[in-house]
Structures are given as C-alpha cells and as structure tokens.
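Descriptive analysis of the structure
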Amino acid sequence: MQKNIKKRTGYIVSHTHWDREWRYPIWETRRMLIDFIDELIEVLESGKYTSFLLDGQVIPILDYLEFRPEMAGRIKSLVSFGKLQIGPWYTLPDEYPVDGEAIIRNLLWGIRKSEQIGGVFKAGYTSFGWGQTTQLPQIYAGFGMDTVMVGKHIGKHRAPKSEFIWCSPDGSELLATRFGSDGRANFYFNAHLSILFGLNHKSPFWEYKWEKGGVAYHRADTEKMEQDHFRLDVPVDWHPEMVTPELIETLWQTTDDSLMENDRLMMNGCDYTAAQSLLPEIVAKFNEIDSESNREWVQATMPEFIKLMKDKIDRSKLLVINGELRDGPAGPLTGNALSTRLYVKQLNKYAQNLLVRFAEPMAAFASMFGEDYPDSFIKRAWLYLLQSHPHDSINAVSQDKTALDVCHRLRQVIEISQTVADRAMKQLVKIIDMSQFGEEVVLLVVFNPLPYERSNIIEAWINVSDIRDKNEVWRAYRMPEGLQVFNADGKPLSTQNHGFTEQVYPVAQLHTRAFPYNCLRHKIFFETGKVPAGGYKIFSVKTIDQGRTEDTRWSDSIASTGSLLKSPDRLENEYLIVQMNPNGTFNLTDKLNNKTFYNLNYYEDRGEIGDYWFNEMPMFDQIHNSLGCSAVIWAEETGPLQATLASEIRMQLPQKAVKHQKRRSDERESLVIKTAVTLRAGVNYAEVNVEFENRHEDHYLRVMFPTGLGKATYADTGGHFIVDHRLIRPQGPTKTSVWPDMATLPQNNFVDVSDGTVGLAFLNNSLTEYEVLDNDERTAALSLLRAVQNWICTETRVGSNFPSQKGGQCLGYHSIRYAILPHTGNWQDANIPLAADFFNIPMVPVQTRKHKGTLAAKQASLFAIDNPAVRFSALKKAEDGDTFIVRLYNPTSQKQQANITFSAAVEKVWQTNLNEERNSPVNPADDGDIPIVLLPYKIVTIEVEMHLKGKQ
C-alpha cells in the first residue's frame, strides 16, 4: 500500500470571456448577453454553480441592467455573497494601443462601478490583453492588489513555472500566475466540451454534422448570408462515458507547470461561454471515476484559489520576472494586431490627447477661478473612450459595423473634449484683463495646456475688419497687406504672412440672432517666444502699415526678410538642413553635431495574406520600395519662419493578393504618396506629413529610415509611465534564431535609436507599431498601413469570413504626421518624452478684443511642474470629491525632485494611491509650491485642495 500520498484537488473556476463586441456587432452581442445573464442568475441562485467569474470586468453587468433594471437587486445579492465576481476593470483593454492614463481610469471606473453593485474582485486579472505592459504591477499595486493572473504572453524560457513574482521597474512586486496550457480554458477545452457533446474537442472530428445538429438557424438572404450559422437548442444531457481516467489525467497535466503540486486551477470557460446547469453532474462523475487517485474535484471561486496560492506558495523561493510580458512567437501573443485598421487607433490617440491633456487641464484651470467643473461632460467623454478600449474594439479585429461604432464613440470623445476645452478657454478669456489695449486692436490669447514652459512657431487664422477703400484709385505699387504680431508690451515678434481671403462670419450670441462680421481672414505664422507653463500669453495683431519693423523676421506677399527655403530642394534653419533627393527621400543634417542621415523616408510595401491577428507574407512575395521612383518636388509655405518641401511619388503595386496561390496579383495600380517635410525657425526637428489614397488590398506599407547607427543595440520607445528599452534583435526560440514577426513592436508617441553618442528620434501622434531592422544601417520602420481580409477567428479550425466587408483593407484617404529629431546622447539626454508631448499637444491661439478682467494682463502660469524630466499624466477633479488630482511619473533611472505650482491658493495636499485613497499628507512650501520626490520609475498621485476664487 502506498503511504503519505497527499490529497490532491482540482479547483474548477467557471467563467466567461465576454467581448462586448467582437464576432458580432454590439446589439447582437447585447441580445446574447441578456440571455446569458438571465440564465446565469438562475444557475447561481439554484446552487448548481458555486460561483462565476465575469472575466475581470464590470461592463457586462452594466449593459445587462440597462435592459433588465428590475434584476439589480438579484445581481447585487449574488455579488455581495461572492457568487458572482465582477471588476476590477470597467472594460477589458488591449494595453498597448491605449494611453497609460486610460488604463488607470479604466480601473478607477471599474472598481467604483463594481462596488456600487455589491463588491469588486480585487485581483489583477489580465487574461485577455495582447501583451502586458512593464508598469502593470505598479498600477495594480496602486489599486491595492497583490496578485495578478496573466494570459498573453510570457514564455516558459522566462517563467518555467506558472507562478512567479512579477516586478515593475519601481520595485512593485505581485504574486503572478500564467495559468496552465490552454490558458483560461484548460478545463473547458480538455473536458467540458468533449463531455457535453460526446466528441473529443481537440480531435479532427470536432465538426458540425447537419444530420445531428439540433435546431439550426442561418439567414439565407443576400444581406446576411455571410453571417454565422447558429444552433438554437440548449444541451439537456451529456456523455458520462467521455469521463475516463485518461481524460482526467490529461486535464490534470495541463497544469504540470504549477508549483502547487496538489492544488490545480481548472478554468471552465472561454469566449462567449454561458453557464451550464449540468456541471454538478459532471463534477460528481469526475469524483466517481477518479476516486482511486486520492484526488478531489470541486467547484471553487477565484478568490478562494488566490487565497490558497498565497497560503501555500513560498514567495521567497519564486523566480522574479522583470519587464513587460510580451514574449513570442506572435501566435500565442496575438502580436500582429498593432497596425490593423490604423485609422481607428489614430482617432483614439487624437481623442485621448484632447481629453486627457487638453480638455481636463483647461477645465481645471477655469474652475480655479470660479467656474463650475464640467464633471458630467468629462464623465460622458470617458464613458465613450473606455467603451472604445476593449481589446477587440480598439484593434478593430471585428466586422466593419463594430469598427464604425468605435469610430463613432471616439468622435464623441473628440467633440465633447473640444466643447469642454472651448468652454474653459472662453471662461478664462472673459476674466483676463485686456483693458490696456485700444478698442480696435485684435488680440490673441495663446493657451498652453501642458505644465511646462514652451515656445514654437504656430499657425493662426486672424480675422481683421475689412476697412479697405473699395473706390481707391489703381496704383502700380500695392501697399503691404500683411499682419504683424506684437507681445503685450508692444514688442514686435517675427511674423510670416500667407495672404487673406474675404469672409463674412456670423457672430453668435445666446440672446440674439447672429450679426454678420465682414472681415479679411489672414493666415499667419508667428513666433510665440516663451509661453508660461499651464497658462496663457497675450499678443496683439496689427496691419503692417501700423507696425512694420526692421528687427524681426517677417514676410508678406511683397516683401520678406529671408526664407528657410535655401534652394528649390533644400531647407535650413538654425539646427537642421533638409536636402530633398530626386526619388523623394531626403537627407537630414544635424548642424550642431555635423551629422547627416541619408535617404530618409522611403516607402516599402509587401504582400499580406494573413488576418487581423497574424502577419503572413505570401510564399511568392514581391517587396517593393520607392528608392527607384522619380519624384515631383515643390515648395510650400516658404518664408523666414516656416517652409515646406513636398514630393509626390508613384509606386506601381500589385492590386491585391491571389491568396490560394500565395502570391501578389499581376494587375498593377499606382499608389500615389505625397510627403511634405517642414522646418520651422528655432525648432530642432523636421515635421513630416504623409498623405495617400489606398486603393490596394492585402498589403503592408511602411516608411523606412536608414539611421546609420550601426552600433545601436537597443531602441527606446514611449511606453506606459516608462520608456521601454528593447533589444533591436528580435526575440527567437533559441539564442541563434529569431521570430521575424516579433520584430514589430508597440510604441506610444516616439521611437528613439541611439548608439550612446548620436541618436535619431521619431515623434508621432498616431502610430502604434515600429521596427528597427537588425541590419548595418539600423533602419527604423514605422508601420503606416496593414490591409487584410475581414476574417474573424473563432477557433484555429474555423473563422467567420466576410469578403463583402472591406474595412480591414483600409481603403481610402490616409494622413499621417510624425517628426524626426536628431540629438546627442540618449533619449534622456535629449528629453525625447517632453519633445513628444509638445508634438502631440499643440498650443492653441484664441482671437479676442479689449475688455476688463481680473487675471494677469500679459501672461500667467496657472499650473507648472519645474522639472521637465518629470512627466505629466493628468490634472483632473477627484473621483469622490471636489479636490483635484495631479498624476506625475518619473521614467528615468535617477531620483527626481519637482515643485508643482498652482496660481490658486493651495490649502491641503495628500499623496494618494492610484485609487485616490489618501496615504500621507504633503506640506506645501511657504510660497504654496508642492514639493514632490519621485523615485526612479515611480508613478505619483497627489490630491490638492485649493481655495477656488469666486467660490465659498
């Protein structure tokens, strides 16, 4: 007889992975959700299920209660008694395409919404994302969580055992598990399905048989014939004969990587899986067949299993894993969706920037001076934004209807954000004192929403009253017609004019019909000088006749002090030279370092016969590039402050793929690409604007930059509260091999390639994917478009195919903006994150006229951070009060100190966790500044109580 055999237990945790919209558009999915939750409530209340985990999110319940409000009490009871676990997420995001601040807001919303319904599942549940970002342990820890369960993807070469310690760069550590084989579906795939239908789910015989298929339903009309078949009957019996010792042992072995030898997690659920009332009978059968093994099978809650893990695992003996969990190959990671339907991600980045770093700060500024904070508007914008962020939604790996719905939500975010910001700027303009100026003077207020002082050449459209004498006698010499910009002290500033048009504007007012305003609309560029951090600066505008000066850079239609266009194919400012090449590429010279980067910005296009999730190059591919093209080149906006060289090339590309032959088609069509390269006076980067009309299918378009930095071994990219430091050589299965598809990696705002002495940074406001080729040139590649078929994977063996839906092919007009910034040293030496913020968040000019007010008459800083190495993430109203939240982070490896300054009087300050729960008081300095110390890689959240002017 065997002795000392430890009792073993399989803990069956039932759950679903519920995509809010994926295979089916949102309302069809919502109808499924209602059926699913209706049934789930009955199963849980009857006791047939011990509990159910709703996938780490709360929005399915919120969506359900919209249509079943009468069920709120029953739902709350189930949550309160631990039978239904919801949260901590509001929706289930893919982390990489969204902003780090959006990840925090998602958890802020998810936790609060869950608590309102009865309680929150307080664990870091991330079985869904396509890669886990470096700082996620710190984020989870900031919400009071000490355990994380991760899915896609960490390789066994890094974590041989399922349990490990996952550590953020700041030192935050969480107990982590990566599940077993088959991830969150090991029980479901290896037992449940086979037992329910009497057919081995993993065998080649798992297929639908029409003659045995129950109640069938499929739309046979033209409009819906591509949609899925459905089986309408619910299984009412099961196949006990499928429960064999062999099946049980195979199932148990799916968790052999676990350090918990005798306690194994059995995940019973998958995408869109409902509760199954037959489960108690199946579990009983397991215990009957497995009785000789000294093993027990029980239904369990995920909190119970997490507690078991904490109790039984010795943390001190666990392997510590650092960095992001984004291991190859690309298949298990779902790693190639970064550039699918890039137009959705572009819209998302624009929406995020407007909401987080324009609308919210401007609303906070206005509220400091007596205006109501537009909480309901901002919450509505966040509602639309967070509902756009589920991983399948934001990557738009869906039917076209869903992608259109996501774009609609994001456009609501943009409109609300613009409305909130406009309202705040109107309120501030009203109270700025402009009484020193004359009645006829046109004034500009330039707002800087970021808490850092800055300067730039900005574009403005100025409307000036049309006072021209229409009866003036013709003369050979035309008087100057341009405008001159002055600062508030009357000092002239460099101004570049680009003409005007006659316009009639309605002047709206709430209490009357519109007045017509007859005016001349001038397009100008002007030099702002230093604009205060988080504040404004006043300028006046006069016609040249009133204020022409000789000591500024200036131009209008008939005169100029010079031009940045030095020859028909060359631009030059204080920092850079752009030399356009005949094929449309350009050479960029860094004058300060006497370093030239050659043949930048050529285009590469290859075939693509994969799908949303996986790249697949045709076996017989053609990889085209634009190096052999002949470009048409012209100049635009030439003057002393800004000048542009534009080029147009035509690439004759295969029109589509011939998938069954694994090649690109013989039919060719032109892809016309316009590239505009702009230099501005005093600006150390070249801005590039790319426009093209995509009429091709099944291809992958990138823009290429041979950096010449052959000694560079790493690339640094904007990440979530961090600068990600990644090897240029792609991951691979061995030390001497690579996975080519793991060479394309996520980015947020910038990519920087540096050999330690010289670097080249690529700033952008819309791109999500890059590669730095492991070649002698260290060629950087930015993904512009990946056009794929609309095929949605349901299983590896079957997917939904929608050939009539072309949204995944990204047909139509595309416009992409980025900048190239050469520098010395590394990203930190050049403060590339600050440059990327400035590139993403422009200053905004507002036209006004003389009026009285109480705010400073020339300029003012309303909110400032005095250390530019410290990054700003948010200025917002607190979730649960009338105080304000400031979030900062330190992406560097050195301790940073900073002072936060508000123009409003600071009364009390606390440091909080990410959930906005107070940790400790902070003592402001005598002058009201808030001193902050940020340890390396730390996210810091501050709560500020201020005396708001005009409010009691």
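Every value quoted in this text rests on a predicted model; they were computed, and no experiment measured them.

**Observations concerning the nonpolar core**
For soluble globular proteins, the rule of thumb is that nonpolar side chains tend to be buried together. Ranked by size, the top nonpolar core spans 160 residues in total, and within it Ile 75, Leu 84, Ile 139, Phe 286, Met 368, Leu 875 and Phe 902 carry the most contacts. If we skip the residues at most four places from it in the chain, Ile 139 touches Ile 103, Ile 104, Leu 107, Phe 721, Leu 914 and Ile 939. Among the nonpolar cores identified, the runner-up in size contains 51 residues, and Leu 671, Leu 709, Leu 760 and Ile 816 belong to it.

**What about the packing of aromatic side chains?**
If you walk through the whole model with that rule in mind, you get 31 aromatic pairs. Where Phe 705 meets Phe 762, the ring centres are 4.7 Å apart and the plane angle is 45 degrees; that geometry is what we call tilted. Here Phe 762 lies in strand β39 (residues 758–764) and Phe 705 lies in strand β34 (residues 699–706), a separation of 57 residues in the sequence. Given a relative accessible area of 0%, Phe 705 falls into the buried group. Among the aromatic residues, ring-to-ring pairing joins Trp 18, Trp 22, Phe 36, Tyr 49, Phe 52, Tyr 272, Tyr 612 and Trp 613 into one connected group.

**Remarks on the sheet that holds strand β24 (residues 586–590)**
Taken in spatial order, the five strands make up an open sheet running β21-β22-β23-β24-β25, and their pairing is antiparallel. A single partner strand is all that each edge strand has here, and the edge strands are β21 (565–567) and β25 (595–600). The sheet shows a mean angle of 20 degrees between the axes of neighbouring strands, taken without regard to direction. The sheet contact formed by β21 and strand β22 (residues 570–572) spans two bridges and is antiparallel. Bridged to Leu 565 within β22 is Leu 571.

**Topic: the sheet that holds strand β11 (residues 295–299)**
With respect to topology, three strands assemble into an open sheet ordered β10-β1-β11, the strand pairing being parallel. The sheet is open, and its two edges are formed by β10 (263–268) and β11, each paired on a single side. In this sheet, neighbouring strand axes are inclined to one another by 20 degrees on average, regardless of whether the strands run parallel or antiparallel. Here strand β1 (residues 8–14) pairs with β11 via five bridges, running parallel. Bridge pairing links Arg 8 to Arg 295 in β11. Along the sheet, helix α6 (residues 186–197) makes contact with β1 and β10, crossing β10 at roughly 75 degrees. On the sheet, helix α7 (residues 245–253) packs against β1, β10 and β11 and is oriented at approximately 75 degrees with respect to β11.

**Focus: the pattern of salt bridges**
All chains considered together, the criterion is met by 62 salt bridges. Measuring nitrogen to oxygen at the nearest pair gives 2.6 Å for the salt bridge that ties Arg 887 to Glu 101. Of this pair, Arg 887 sits in strand β49 (residues 884–889) while Glu 101 sits in helix α4 (residues 100–117), and the two are 786 residues apart along the sequence. As far as burial versus exposure is concerned, Arg 887 and Glu 101 are alike and both buried.

**Considerations on the pairing of strand β51 (residues 905–912)**
In this sheet, strand β54 (residues 939–947) lies alongside β51 in antiparallel orientation, the contact comprising seven bridges. The residue bridging Thr 912 from the neighbouring strand is Thr 941, located in β54. Across three bridges, the pairing between β51 and strand β52 (residues 918–921) is antiparallel. Note on β52: the bridge partner recorded for Thr 912 is Arg 918. Taking the residues that link successive antiparallel strands as the turn, the β51-β52 hairpin has five residues, and the phi of Glu 916 there is positive, at about 65 degrees.

**Some remarks on the pairing of strand β42 (residues 791–795)**
Pairing of β42 with strand β43 (residues 798–801), which is carried by four bridges, proceeds in the antiparallel orientation. Paired with Ile 792 across the bridge in β43 is Ser 800. A loop of two residues connects β42 with β43, the two strands running antiparallel in sequence.

**Here's the deal with unusual backbone geometry**
Of note, the amide linkage connecting Lys 152 to His 153 takes the cis form, showing an omega dihedral of 0 degrees. Secondary-structure assignment places His 153 in the loop between β5 (147–152) and β6 (163–167). Across the junction of Gly 328 and Pro 329, the peptide omega takes the value 0 degrees, indicating a cis bond. Phi at Ala 396 is positive, roughly 55 degrees, even though this residue is not glycine.

**Some points on helix α8 (residues 279–289)**
Within the span of α8, buried status applies to Leu 279, Ile 282, Val 283, Lys 285 and Phe 286. Down the axis of α8, the smallest arc covering the buried residues is 160 degrees, so these residues share one side. Buried positions along α8 lie against β1, α6, α7, β10 and β11.

Calculation rules
- Residues numbered from 1 in each chain as written.
- Predicted model: local features only at pLDDT ≥ 70, side-chain atom pairs only at ≥ 80, totals over all residues.
- Heavy atoms only, no water.
- Core = buried A, V, L, I, M, F, W, Y, C linked by side-chain atoms within 4.5 Å.
- Buried < 20%, exposed > 50% of the residue type's maximum accessible area, 1.4 Å probe, protein only.
- Contact = heavy atoms within 4.5 Å.
- Phe/Tyr/Trp six-rings, centres within 6.5 Å; stacked < 30°, edge-to-face > 60°.
- Helix = DSSP H or I, 4+ residues; strand = E, 2+ residues; numbered from the N terminus.
- Pairing = 2+ DSSP bridges.
- Axes fitted to C-alpha atoms, helices over the stretch in contact; angles between N-to-C directions.
- Salt bridge = Lys/Arg side-chain N within 4 Å of Asp/Glu carboxyl O.
- Arc of directions from axis to C-beta.

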